[in-house]
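# Tertiary structure, described
So the chains spell out like this:
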Amino acid sequence: MADSPDVAKLNWMTTRIDAALGWARKFSIFQYPFVTACCGMEYMATATSHYDMDRFGAGFPRFSPRQADVLFVVGTISHKLAPVLKRVYDQMTEPKWVVAFGVCTCTGGFYDNYATVMGIDTIIPVDVYIPGCPPRPENVLDGLMKLQEKIAQGEKAPAAVLFSARPQEVGLPHRPEAHL
Amino acid sequence: MTLRLTETIQQRFSQQVLLTHHSLGQETVVIDRAGLLLIAEFLRDDPHMRFDFLMDLTAVDYLKFGRTLSSAPTLKTPSPLPYFMKPKPSANPWQRGVSNDEFRFEVVYHFYSSEHNHRLRLKVPLNVADLSLASLTQLWASANWFEREVWDLFGITFNGHPNLRRILMYESFEGHPLRKDYPVRKRQPIIGPLN
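None of these values were measured; they are calculated from a predicted model. Within each chain, residues carry numbers counting from 1 in the order of the written sequence. Whichever chain is written first becomes A and whichever ligand is written first becomes 1, with later ones labelled in order. Owing to the predicted nature of the model, reporting of local features is limited to residues with pLDDT of at least 70; listing and counting of side-chain atom pairs is limited to 80 or more, with chain, interface and lining totals taken over all residues. Side-chain numbers here rest on the full set of heavy atoms in the structure, without hydrogens or water.

### A short note on the overall build of chain B
For clarity, the threshold we go by: Helix and strand definitions here come from DSSP, where helices need a minimum of 4 consecutive H or I residues and strands a minimum of 2 consecutive E residues; each element is numbered from the N-terminal end. Burial classes follow relative accessibility: with a 1.4 Å probe on protein chains only, a residue under 20% of its type's maximum area counts as buried, one over 50% as exposed, and anything between as partly exposed. Contacts: residue pairs with any heavy atoms within 4.5 Å of one another. The accessible surface values rely on the Shrake-Rupley method and a 1.4 Å probe; as for residues, cover is taken only from the protein chains in view.
Within chain B, the regular secondary structure consists of three helices and seven strands. Along its sequence from the N terminus, chain B presents helices and strands in the succession α-β-β-α-β-β-β-β-α-β. Taking all 195 residues of chain B together, 46% fall into the buried category. Looking at chain B alone, contacts between residues at least 24 apart form 53% of all its contacts between residues at least 6 apart. When the accessible area of chain B is evaluated, it comes to approximately 10300 Å², of which 54% is carbon and sulfur surface.

Right, here's the structure in full:
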């Protein structure tokens with residue numbers, strides 16, 4: 001072993017490319033907050049300075065899905081909104097992850113009616129579920145750290161899109177005056 | 001002594017008013033649907049009324065009113081009369097000969113006058129054979145979206161509405177979900193499985 005260099009004295013290190021990428025990615029989360037309901041307040045409480053999501057490298061939400069890599073679905077999703085959520089998910093570039101924030105997104109919560117999607121995993125693949133109504137900020141940060149572990153290990157929810165067809169455009173005619 | 005709102009309306013529109021009652025300062029007038037526009041215009045323009053604000057407009061489905069779950073009716077079994085229509089010994093003429101199937105729906109209006117600071121509730125029972133009613137959009141602009149909502153969720157048509165389309169549910173949605181005979185478990189997702 002005399003011929004080999006003394007690694008400890010050299011100013012470099014070895015790693016695997018995926019490990020390095022995962023390490024970098026887990027501390028540079030650009031989340032897209034898809035906020036529809038009261039959980040949004042809890043998301044804001046977690047994101048701002050008191051709990052400070054920025055400690056985990058997730059301090060800079062992007063409001064364009066094309067610039068984001070984690071989709072935070074925060075709040076109840078109705079059947080009417082489901083095609084929008086699916087489209088936002090489709091617009092995000094790989095690699096991408098999805099966090100279901102609150103019980104409504106996990107399972108539909110206490111809603112069991114004609115209007116509500118019973119869990120967003122019936123529409124898009126989900127990586128981390130954060131239950132709670134709403135979840136405590138500590139709970140959210142725990143979920144965020146679990147997501148970081150997942151990102152660092154290069155794991156993803158089954159990427160196979162559950163529904164190969166693009167969301168139907170529902171045959172809705174364009175009606176600019178529809179609000180009148 | 002000044003008359004109550006209900007008494008004033010009762011005296012003026014004795015033909016159209018079916019029933020009035022008041023409790024704890026809440027005044028209610030039940031009218032025939034044919035007199036709706038007439039009375040609404042009076043409520044808005046009369047100097048003693050001046051109801052300039054249509055606060056709320058909604059509907060009630062009395063299909064299962066007063067029934068236990070086990071005796072819940074289907075569409076074919078008669079539904080009970082609403083509480084204010086229960087036959088009395090001296091029934092009003094309009095109550096006689098009314099079968100239980102009629103007057104299943106009722107449209108409810110809440111008015112407020114910012115000038116006189118008084119409120120009024122107006123109820124219009126509707127016959128299931130013809131679920132249509134005059135639109136109040138010409139008198140109060142706020143009726144526009146309220147009537148669309150009632151049409152969307154209860155399927156009650158408002159004649160003369162400028163744009164009577166669904167407002168809450170999507171256009172491909174079938175049926176009217178707040179009707180008591182809409183199946184509780186029925187789901188109509190646009191995408192995704194029937195969860």
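### Re the pairing of strand β2 (residues 70-74) of chain A
Residue and element names in this part refer to chain A. Put simply, the test is: Strands are treated as partners if at least two bridges between them are detected by DSSP. Call a crossover right-handed when, viewed with both strands pointing away from you, the route from the first strand across the helix to the second goes clockwise.
Among the five residues of β2, five are classified as buried, and the element is accordingly described as predominantly covered. Along β2, one buried face is formed by Val70, Phe72 and Val74 and the opposite face, lined by Leu71 and Val73, is buried too. The sheet contact formed by strand β1 (residues 31-35) and β2 spans five bridges and is parallel. Pairing of phenylalanine 34 across the sheet is with valine 73, part of β2. Once you follow β1 into helix α2 (residues 39-47) and on to β2, the crossover reads as left-handed. Here β2 runs beside strand β3 (residues 97-101); their pairing, made up of five bridges, is parallel. When the sheet's bridge partners are listed, phenylalanine 72 is paired in β3 with valine 99. Remark: the β2/helix α3 (residues 82-91)/β3 crossover connection has right-handed handedness.

### Side note on the packing of helix α1 (residues 17-26) of chain A against helix α5 (residues 137-152) of chain A
All names here are of chain A. Short version of the rule: Angles here are taken between N-to-C directions and fall from 0 to 180 degrees, while the axes themselves are lines fitted to C-alpha atoms, restricted in helices to the stretch in contact. Should an angle fall under 35 degrees it is called roughly parallel, over 145 degrees roughly antiparallel, and 65 to 115 degrees roughly perpendicular, with every other angle called oblique. When the near helix sits turned anticlockwise from the far one by under a right angle, the crossing is termed left-handed; a clockwise turn instead gives a right-handed crossing. When residues are sorted by character, Ala, Val, Leu, Ile, Met, Phe, Trp, Tyr, Cys and Pro go into the nonpolar class, Asp, Glu, Lys and Arg into the charged class, and all the rest, Gly among them, into the polar class.
Following both chains from N to C, one finds α1 and α5 inclined at 155°, their axes separated by 7 Å at the closest point. Classified by the interaxial angle, the pair formed by α1 and α5 is roughly antiparallel. Along this stretch, α1 crosses α5, giving a crossing that reads as right-handed. Residue-level inspection shows Gly22, Arg25 and Lys26 of α1 in contact with α5, the latter providing Gln148, Ile151 and Ala152. Taken together, the residues of the contact of α1 with α5 sort by class into two nonpolar, two polar and two charged.

### Comments concerning helix α1 (residues 5-12) of chain B
Because each turn of an α-helix spans 3.6 residues, side chains separated by three or four positions in sequence point in the same direction. All names here are of chain B. Threshold: This arc describes the spread of directions from the helix axis toward the C-beta atoms.
All buried positions along α1 are accounted for by Leu5, Thr6 and Ile9. Down the axis of α1, the buried side of the element spans an arc of 95°, and every buried residue falls inside it. Among the structural elements, β1 (17-23), β2 (26-31), α2 (36-45) and β5 (118-126) are those in contact with the buried residues of α1.

### Observations regarding the confidence of the model for chain B
All names here are of chain B. We count it as follows: Per-residue confidence from the prediction method is given by pLDDT, with values spanning 0 to 100.
Confidence along chain B averages 81 in pLDDT terms, with 78% of residues attaining 70 or more. For chain B, β1 is the element with the lowest average pLDDT, namely 86, and helix α3 (residues 143-154) is the one with the highest, namely 95. Scored below 50 in pLDDT, residues 67-75 makes 13 contacts in the model with residues more than four places away or belonging to other chains. A low-confidence stretch, residues 88-100 stays under pLDDT 50, and its non-local contacts, those more than four residues away or across chains, total 14 contacts.

### Let's talk about the state of the cysteines
Formally, a disulfide is one covalent bond, and it connects the sulfur atom of one cysteine to the sulfur atom of another. Residue and element names in this part refer to chain A. The test is simple: Pairs of cysteine sulfur atoms within 2.5 Å are what we label disulfides.
Within this structure, the stated rule accounts for zero disulfides over all chains. Unpaired in this structure, cysteine 38 has its nearest cysteine sulfur neighbour in cysteine 39, at a distance of 5.6 Å. Cysteine cysteine 104 remains unbridged, with the sulfur of cysteine 133 as its closest cysteine sulfur at 5.8 Å.

### With respect to the packing of aromatic side chains
Two measures describe an aromatic ring pair: the distance that separates the ring centres and the angle between the ring planes. Operational definition: Any two rings among Phe, Tyr and Trp, with Trp reduced to its six-membered ring, count as a pair given centres within 6.5 Å; such a pair is stacked if its planes are under 30 degrees apart, edge-to-face if over 60, and tilted if neither. Two thresholds decide whether a charge sits over a ring: the Lys NZ or Arg CZ must be within 6 Å of the ring centre and within 35 degrees of the ring normal.
All told, the structure shown has 16 aromatic pairs over all chains when counted by the stated rule. Between the aromatic rings of phenylalanine 105 of chain B and phenylalanine 154 of chain B, the centroid separation amounts to 6.4 Å while the plane-to-plane angle is 85°, which identifies the pairing as edge-to-face. Pair noted here: phenylalanine 105 of chain B is in strand β4 (residues 105-113) and phenylalanine 154 of chain B is in helix α3, with a separation of 49 residues, a long-range link. For the pair formed by phenylalanine 105 of chain B and phenylalanine 154 of chain B, the shared burial category is buried. Grouped by ring-pair contacts, the aromatic residues Tyr114 of chain A together with Tyr170, Phe173 and Tyr182 of chain B constitute a single cluster. For arginine 62 of chain A, the ring lying beneath its charged end belongs to phenylalanine 60 of chain A, and the centroid distance is 4.7 Å. Note that lysine 96 of chain A overlies the ring of tyrosine 89 of chain A, its terminal NZ or CZ placed 4.1 Å from the centroid.

### Details of the sheet that holds β3 of chain A
All names here are of chain A. Pairing in this open sheet of four strands is parallel, and the strands run β1-β2-β3-β4 from one edge to the other. At either end of the open sheet lies a strand with only one pairing partner, and these are β1 and β4 (128-130). Across the sheet, the mean angle separating the axes of adjacent strands is 20° when strand polarity is ignored. Sheet topology note: the β3/β4 ladder contains three bridges and is parallel. In the sheet register, phenylalanine 101 faces β4, and the bridge partner there is isoleucine 130. α5 rests against β2, β3 and β4 of the sheet, and its axis sits at about 175° to β4.

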